[in-house]
Every structure is written in structure tokens, then in C-alpha cells.
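# Descriptive structure summary
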Amino acid sequence: MQKVCVIGLGYIGLPLATILANHGFKVLGMDVNADVVEMVNNGRLNVKEPGLQTLVQAAINSRNLKVATKPAKADFFIIAVQTPLTKEKSADLSYIKKAVESIVPLLERGKTVILESTVPPGTTKDIVMPILGRSGFKIGEEVFLAHSPERVLPGAILKELIENDRVIGGINGESALKAKLLYESFVQGEIYLTDATTAEMTKLAENTFRDVNIALANELAIICSDLEINVWDVINLANKHPRVNLHRPGPGVGGHCLAVDPYFIIQKDSMKGKLITVAREVNEGMPSIVVEELKKILQGIERPIVSIFGISYKGDVDDTRGSPGLAVKRLLEDEGIEVRVYDPIVKGPAHGSGDLLEAAVRGADCIAILADHSEFRHLDVKSIGRRMKTRNVLDTKNCLERKAWRKAGFKVYLLGDGRGLS
Ligand code: SAJ
């Protein structure tokens, strides 16, 4: 049985380690954080993803998945650690460097190292390869190295890990072929081989495409508001064209991917990434636009209270990293406006009243929908309305059954709809 060592047991590493363990590999999942390792061992996951708990349990029970705080010798090493953004908006590669250094003493002839983390173009060749070279092996000839970027959508990770097409970029052809041997054991999509830097840029281009497209949708939302028309109608109708695919406006772009990766493309020379830079500015400005909308709605109300519904970075996930909801909350509080939070998925008191719906709406003057959790389509709006002081709701995601809210006495506002009450 071939051995795989997966370094980093986060949103990507844990599902990947689990799938490999369930596809005939002996897997060691490694994370420097002892709490994470203990949680996984006890079946309490640090990552909430539909279906993952059961799969992890099965993999641990089969003894094909073990977790530890130290890496061990393996046929394949997969690095899936985070690459956060520094204050200067460039990639913090310290986690990657540490992970690579930790496997140098474990390398043996014929083994393969795969970087899955998202990185600026050139990282695999210029940073990872020289560190691996300290082992004394010729990288590309005796030890193989490839970049195979993760492309899975939070909320659908297990399905997309298997079904999505894969891009594998080797530092040479043989490295790409070695990495392919691993992925073809479980990937049902096509596997495309290329060089490492092309694979790095491909991944960044995918998320940047989405960020720029959303910025366009957000800009159209602002302009449509001024024109007193509804941007959602415009987008819906424009997308009837066979070659148009406008994305959706909203309170901003959150998460650890779309809001981060575009900077990796332009970090060396922002002058060459003008469009990418402006798109980031537009999307980062959206929480302020939402706050302006809320202030208009709240005009004339003394000591208003806003109740934020959905504090995660998008619907149906529990992740709050880079969440526009958190930015809106901060900006409202800076204005001296009281804010409560209701989020049925993000648990715990860290962000306010958390999962207590009643406490979040009691005496409130406006609900601001900032993440489109499925649950928000089935709320008991009548009982919510009864608890509020003033019945206003601002839907920034166009996800509410507006008729039901109006029937319950709410004034319903929609981001990007300049016709006023909708
Ligand atoms: N958003 C909008 N309007 C839209 C779509 C999204 O405002 O039309 C917002 C969301 O609300 C959220 C943010 O953008 O705040 C990002 O959401 P997302 O669903 O577009 O993407 P992520 O960050 O959850 O996952 C992305 C995916 N990339 C692409 O679809 C190209 C995923 O496949 C990647 O694996 C992931 O980034 C990653 O890890 O890089």
C-alpha cells in the first residue's frame, strides 16, 4: 500500500487526506496544531463540510487514516497549508516554507512532493524546489515536485474533489506524471498536465476572474440604484445572452480565496494589474455601500438597532474569514449603531448573539441579510416582525421571499434596486 503524508489538516487537507485513505492509500494527516489533531482523533472536526464527519470516521476506523503533529516518511507528500495575506498585501509563505523544511529529512529517492496551497507564480520553482534541494537529491530527477492547485468549492468540497478537472504542473514532465499517478486514483474529471508556474497562474486566474466579474456586478448595482432600476433584472436579462455570465452583487467578497488570490498576481508589480486592483477596491468598498443604505433606511429612528442575518463569508458555510458581514458590523459600530447578529450556522458568542434568533431581533429596527443561508428562506417572519421595534429588512443577496415579508408588515429593501421599496 502506498503511503501519503498530507501536511495541513484544514479545509483542503482534511477532506483530501480522508478521500485518499478511502481510496486505498495509507495516509498520515499532519498538522502542527495539536488541538486540531486531537479533535480529528476524537471525531470532532475543525472543518464543517457536508458529509465529511462520516468519511473521516470511516477512514480512522479503517486505520488507513492516522493523524499526528509530525510528518513521516511517505511515497507522496502533499502540502495543503494556508497562504494568508500580509499587511502589505502579498503572500505570507512562511507556513509553506516550514512545511517544506519539515519534510526535507524524510525524503527518499523516487518520492514525490505536491504543493496544493494557492501561491504566487514561481513559488514552486523558486522557493519550494531550492528548499527540497537541501536534501541532497536532484529535484526533478531523484525526487519529484509538482503544483496541483485545489479548486474545490466550500460547501461542496467532497463532490468537487472527485468530480472537478485537475491541473497538475510539474517542475518537469516526469514530476507531473508522478503526481498524476496519485490523483488519477480518485479524480473522475480530466487531468491536465502543464508546468508548475502555469498551474499556479491558472489557479489565480480562476479566482481573479470571479472577483473582477463580481466587482462589475457590484458596480452595476450602484449605478442601477442611481438610475432607479433593479440590477437583478438587468443581470437576469443580460445573462439570457448566450455569451454573457454576469455574477451577482452583494455586500462584498469574502473568504480566503477570491479576496486574497488577486493580490498574488499583482504583488510584484501592481501597475501591471490595474483592472485587478480596481476590482478589489470596488469589492472592498461594498460594506460601506451597505452601511450607507442602512443609514438611509434608519433615518429618523432614535438609537437604531440593526440585526445582521448571516455573518459567514457566504451562504451555508460556517467560515467567517474575510466576511463582509464582519466589516459591515464594524462600520455600523463605528457609527455608534447597535448591532446584533443572528447566524444559524456560525455558532458561538464571538460575533454577538450568534444562533439566538429571538435575542437578535428583539427591539431591532432593521434586519440586514448579508449571507444567503438556505434557512433564511423559511423563517417565521410574522413572529420575527412581532419582536421588532420597526419592521425593515435590507436584502443584499436577493434571497428572500419578499412577498411573505411584506405580508408580515415589513418594508423590504433590495441592494441594487433603486426603485426603493420592493
Ligand atoms: N460572491 C458574490 N457574488 C457572486 C459569487 C460570489 O458576491 O456571484 C461572493 C460570496 O458571497 C463570497 C465570495 O464572493 O463572499 C466568494 O465566494 P465563491 O463562492 O465565489 O468562492 P469561494 O471563495 O467559496 O471558493 C472559490 C472557488 N473558486 C471558483 O469558483 C473559481 C473554489 O472553486 C476555489 O477552490 C476556492 O475559491 C479556493 O479555495 O480558491
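For the structure itself, consult the block above.
A brief structural summary. Predicted, not measured: the structure shown is a model, and the values here were computed from it.

What counts, and where the lines are drawn
Residues numbered from 1 in each chain as written. Predicted model: local features only at pLDDT ≥ 70, side-chain atom pairs only at ≥ 80, totals over all residues. Heavy atoms only, no water. Axes fitted to C-alpha atoms, helices over the stretch in contact; angles between N-to-C directions. Helix = DSSP H or I, 4+ residues; strand = E, 2+ residues; numbered from the N terminus. Parallel < 35°, antiparallel > 145°, perpendicular 65-115°, else oblique. Left-handed = near helix turned anticlockwise from the far one by under 90°. Contact = heavy atoms within 4.5 Å. Nonpolar A, V, L, I, M, F, W, Y, C, P; charged D, E, K, R; others polar. Near = heavy atom within 4 Å. Polar contact = N/O pair within 3.5 Å; in protein donor to acceptor, adjacent residues only side chain to side chain. Buried < 20%, exposed > 50% of the residue type's maximum accessible area, 1.4 Å probe, protein only. Pairing = 2+ DSSP bridges. Right-handed = clockwise from strand over helix to strand, strands pointing away. Patch = residues over 30% accessible without salt bridge, like charges linked within 9 Å, V, L, I, M, F, W, Y side chains within 5 Å. Areas by Shrake-Rupley, 256 points an atom, 1.4 Å probe, with all protein chains shown as cover. Salt bridge = Lys/Arg side-chain N within 4 Å of Asp/Glu carboxyl O. Lys, Arg positive; Asp, Glu negative; His and termini not counted. Charge placed at Lys NZ, Arg CZ, Asp CG, Glu CD.

Closest axis-to-axis distance for the helix α4 (residues 94-103)/helix α5 (residues 123-133) pair is 9 Å, and the angle between their directions is 25°. Considering the angle they form, α4 stands roughly parallel to α5. α5 is crossed by α4, and the crossing has right-handed handedness. On the side of α4, the interface is formed by Ile96, Lys97, Val100, Glu101 and Ile103, while α5 contributes Ile127, Val128, Ile131 and Leu132. A breakdown of the residues in the contact of α4 with α5 according to their chemical character gives 7 nonpolar, no polar and 2 charged.

Right, let's talk about the site of the ligand for a bit. Taken together, 20 residues form the shell around the ligand, and within it Glu150, Val152, Lys203, Arg210 and Tyr313 come nearest. Within the backbone of Gly254, an N or O atom sits 2.9 Å from an oxygen atom of the ligand.

Our next topic: the pairing of strand β5 (residues 112-115). Residue alternation in β5 divides its side chains into two sets, Thr112 and Ile114 and Val113 and Leu115, and both sets are buried. Sheet analysis places strand β4 (residues 76-79) next to β5, joined by 4 bridges and oriented parallel. Among the inter-strand pairings, Phe76 is bridged to a residue of β5, identified as Thr112. Regarding topology, α4 serves as the crossover connection from β4 to the parallel β5, and that connection is right-handed. Note that β5 and strand β6 (residues 144-147) share 4 bridges and pair parallel. From the neighbouring strand, Leu115 faces β6, where its bridge partner is His147. Each parallel crossover has a hand, and the one from β5 via α5 to β6 is right-handed.

On the surface, Ile222, Ile223, Leu227, Ile229 and Val234 cluster together into a nonpolar patch covering about 390 Å² of accessible area. Looking at where Val234 falls in the secondary structure, it is placed in helix α9 (residues 231-238).

Next up on the list: the sheet that holds strand β2 (residues 26-30). What the 8 strands build is an open sheet, ordered β3-β2-β1-β4-β5-β6-β7-β8; its pairing is mixed. The open sheet has two edge strands, β3 (65-68) and β8 (191-195), and neither has a second partner. With direction set aside, neighbouring strand axes in the sheet form an average angle of 25°. Bridging between strand β1 (residues 3-7) and β4 involves 4 bridges; their strand directions are parallel. Following the sheet pairing, Val4 is matched in β4 by Phe76. Sheet contacts for helix α7 (residues 173-183): β1, β4, β5, β6, β7 (166-170) and β8; angle to β7, the most-contacted strand, approximately 145°.

For the rest of this paragraph, the subject is a positive patch on the surface. On the surface, a cluster of positive charge is made up of Lys382, Arg386, Arg391, Lys403, Arg406 and Lys407. No other element matches the 3 residues that helix α15 (residues 402-407) contributes to the positive patch. Checked against the element boundaries, Arg406 lands in helix α15.

You can see His247 is positioned in the loop between α9 and α10 (261-266). Classification of His247 by relative accessible area gives buried; the value is 10%. Of the polar contacts made by the side chain of His247, one reaches the backbone oxygen of Asn245; its length is 3.4 Å. The contacts of His247, once residues within four sequence positions are left out, are Phe209, Arg210, Asn213, Ile214, Ala217 and Ile235.

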